[in-house]
Amino acid sequence: MLEITKYTSIAIDEISITAIRSQGAGGQNVNKVSTAIHLRFDINASSLSPLYKERLLNLNDRRITKDGIIVIKAQQHRTQEQNREDAFQRLQALVKSVTIVPTKRKPTKPSRSAQNRRIESKVKRSEVKALRGNVTDLCITGI
């Protein structure tokens, strides 16, 4: 069982794991050893609660296909076991992200003193800008 939260878990038989060859450079060994892990998890066929299924399907994540299958490819590590653990942890983090209920924002108003400070700073700024205007020359005659 892959434990997501205290009350939610995913059975291992619901997760499909295949070993594939890693991409990129790696010498001669990379061509003959399948160390990368390709994990597939069908959201619709899982034992998750309908609420979590709906939230997962509504996520805008490139790892979730249109058919509702989570596809995770783990190839960072050199061994198959480490890549498998990495794939499980990433699946666990993805499912755990939908179990957390976001708190609703309560709109607040600025305090009266904050409003006064804002107005005072605007007044000061306008005075500074007003002083930048053209200066009228006082013509002193008789010199």
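Residues numbered from 1 in each chain as written. Predicted model: local features only at pLDDT ≥ 70, side-chain atom pairs only at ≥ 80, totals over all residues. Heavy atoms only, no water.

- By the naming in an unreviewed UniProt entry, the protein is Aminoacyl-tRNA hydrolase, taken from Pseudanabaena mucicola FACHB-723.
- Note on the protein: under the UniProt heading Sequence similarities (unreviewed entry), the record states "Belongs to the prokaryotic/mitochondrial release factor family." (UniProt positions renumbered as here; feature names shortened; annotations may be inferred.)

What to know about the overall build of the protein
At step 1: Of the regular secondary structure elements, the protein holds three helices and five strands.
At step 2: The 143 residues of the protein split such that 24% are buried. (Helix = DSSP H or I, 4+ residues; strand = E, 2+ residues; numbered from the N terminus. Buried < 20%, exposed > 50% of the residue type's maximum accessible area, 1.4 Å probe, protein only.)

Comments concerning the packing of helix α1 (residues 50-58) against helix α2 (residues 80-99)
At step 1: Relative to each other, α1 and α2 sit at 110 degrees, their axes nearing to 9 Å. Relative to α2, the element α1 lies roughly perpendicular. Across the interface between the two elements, Tyr52, Arg55 and Leu56 from α1 touch Leu94, Val95, Val98 and Thr99 from α2.
At step 2: Per-class residue counts for the contact of α1 with α2 are five nonpolar, one polar and one charged. (Axes fitted to C-alpha atoms, helices over the stretch in contact; angles between N-to-C directions. Parallel < 35°, antiparallel > 145°, perpendicular 65-115°, else oblique. Contact = heavy atoms within 4.5 Å. Nonpolar A, V, L, I, M, F, W, Y, C, P; charged D, E, K, R; others polar.)

A short note on the sheet that holds strand β3 (residues 15-20)
At step 1: As summarised here, the arrangement of the three strands in space is β3-β4-β5, forming an open sheet in which the pairing is antiparallel. A single partner strand is all that each edge strand has here, and the edge strands are β3 and β5 (69-74). Strand-to-strand twist of the sheet, defined as the mean angle between neighbouring strand axes without regard to direction, takes the value 15 degrees.
At step 2: Note: strand β4 (residues 36-42) against β5, six bridges, orientation antiparallel. Bridged to Ile37 within β5 is Ala74. (Pairing = 2+ DSSP bridges.)

Re the pairing of β4
At step 1: Where β3 lies against β4, six bridges are found, and the strand directions are antiparallel. Paired with Ile20 across the strands is Ala36, a residue of β4.

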